[in-house]
Amino acid sequence: MLSTLRSPRAALRRHLKTRTRGQSLVELALILPIFMLFFAAILDLGRIAAAQIAVQNAAREGAFQAADTPTDFDSSVGCPAGGATNKIYCRVKLESSGGVSVDPTDVAVSCNPVTCATGIGNTVTVRVTGHFRLLTPLMGVFFGGNQNVTFTAQSVQNRETLPASGTNPTGTSSPSPSASSSASTSPSPSPTSSVCILPSAGFTFDYSPSNKKAPQSINFTDTSTSIVGCSIDSWSWKSTDSAGNVGWVSSQRNPGAFNYLVAGTYLVELKVHNAVGTQTTGAVQVIVK
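Report follows, based on the coordinates. (Residues numbered from 1 in each chain as written. Predicted model: local features only at pLDDT ≥ 70, side-chain atom pairs only at ≥ 80, totals over all residues. Heavy atoms only, no water.)

What about the sheet that holds strand β8 (residues 256-260)?
Stage number 1. Strand order in the open sheet made by the three strands is β4-β5-β8, with antiparallel pairing throughout. Two strands bound the open sheet, and with one partner strand each, they are β4 (203-206) and β8. The mean inter-strand angle of the sheet, taken between neighbouring strand axes irrespective of direction, is 30°.
Stage number 2. Taken together, the five bridges between strand β5 (residues 216-222) and β8 define a ladder with antiparallel strand orientation. Pairing of I218 across the sheet is with F258, part of β8. (Pairing = 2+ DSSP bridges. Helix = DSSP H or I, 4+ residues; strand = E, 2+ residues; numbered from the N terminus. Axes fitted to C-alpha atoms, helices over the stretch in contact; angles between N-to-C directions.)

Structure below.
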């Protein structure tokens, strides 16, 4: 009689154990696709951040090249082997990465003035549009339901302006030997004063540590120049985040190092002043990963 009672109990335990395993498999089959979808969405978020940084870097590198050769750009052709021509697009293409595609027609170069002439205060702007494709339709909801996303960035740099070889920086002509020999018999000419012009604003910055990952201590060094006899008398620094919030300001020539604790893109601007007026570097992007 006892063995008869134990047999149904054992059968019931076996039935419940088998049912629990089957239920777990069904729950796993239901949850797994949702889990994979969210995992792909998180992966897309990281790819989006990398794509934005790639486009910003491409615009900055293109502007650096355009500061030297602003007319070396053709939107109808790609980058030739060796990059001997179309250097602006070649530099943009070399810097673009992270699944971002940039065609020659996605790059625009403009100068101020439009002639792209060299001169202190003249600038060149490079605007880059990068194309990026999302992995999941879930993230496409945040971009108007489109899987193909575009990111745009631009960078402004001062035109490279160097004195011509053999020229007198003060703008006055050097006396010839014959003129100096006759100076004893003729009155000395009145001295010609140098012409003061706007200064050229610029600076460099160094990351510490060099991996650019937050937190970062970034050191800023002034490289601005002004003509002899018309020295710079004031410096005005300002750093803002992507929302326009001011992080720090300084009136020192070399403000030193500042801490950037949060990853993001920060804009740093330097204004310098001399007897003629003020010149600015424009917004220079400082990227902390």
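On we go from here.
Focus: the state of the cysteines
Stage number 1. Applying the stated criterion to the full structure yields three disulfides.
Stage number 2. A sulfur-sulfur separation of 1.9 Å characterises the disulfide bridge that pairs C111 with C116. Judged by the sign of its S-S torsion, about 90°, the bond between C111 and C116 is right-handed. One exposure class covers both C111 and C116, and it is buried.
Stage number 3. In this model C196 forms its disulfide with C230; the gap between the sulfur atoms is 1.5 Å. Pair noted here: C196 is in the loop between α4 (177-181) and β4 and C230 is in the loop between β5 and β6 (234-240), with a separation of 34 residues, a long-range link.
Stage number 4. When its relative accessible area of 26% is taken as the criterion, C196 is described as partly exposed.
Stage number 5. Taking only the cysteines that form disulfides and numbering them from first to last, the chain has the pattern 1-2, 3-4, 5-6. (Disulfide = S-S within 2.5 Å. Buried < 20%, exposed > 50% of the residue type's maximum accessible area, 1.4 Å probe, protein only.)

What about the pairing of strand β11 (residues 284-288)?
Stage number 1. By the criterion of burial, β11 is predominantly enclosed, with five of the five residues buried.
Stage number 2. Side chains of β11 alternate between two faces, with V284, V286 and V288 and Q285 and I287 buried alike.
Stage number 3. The pairing of strand β9 (residues 264-273) with β11 spans five bridges and is antiparallel. When the bridges of β11 are listed, T265 appears paired with I287.

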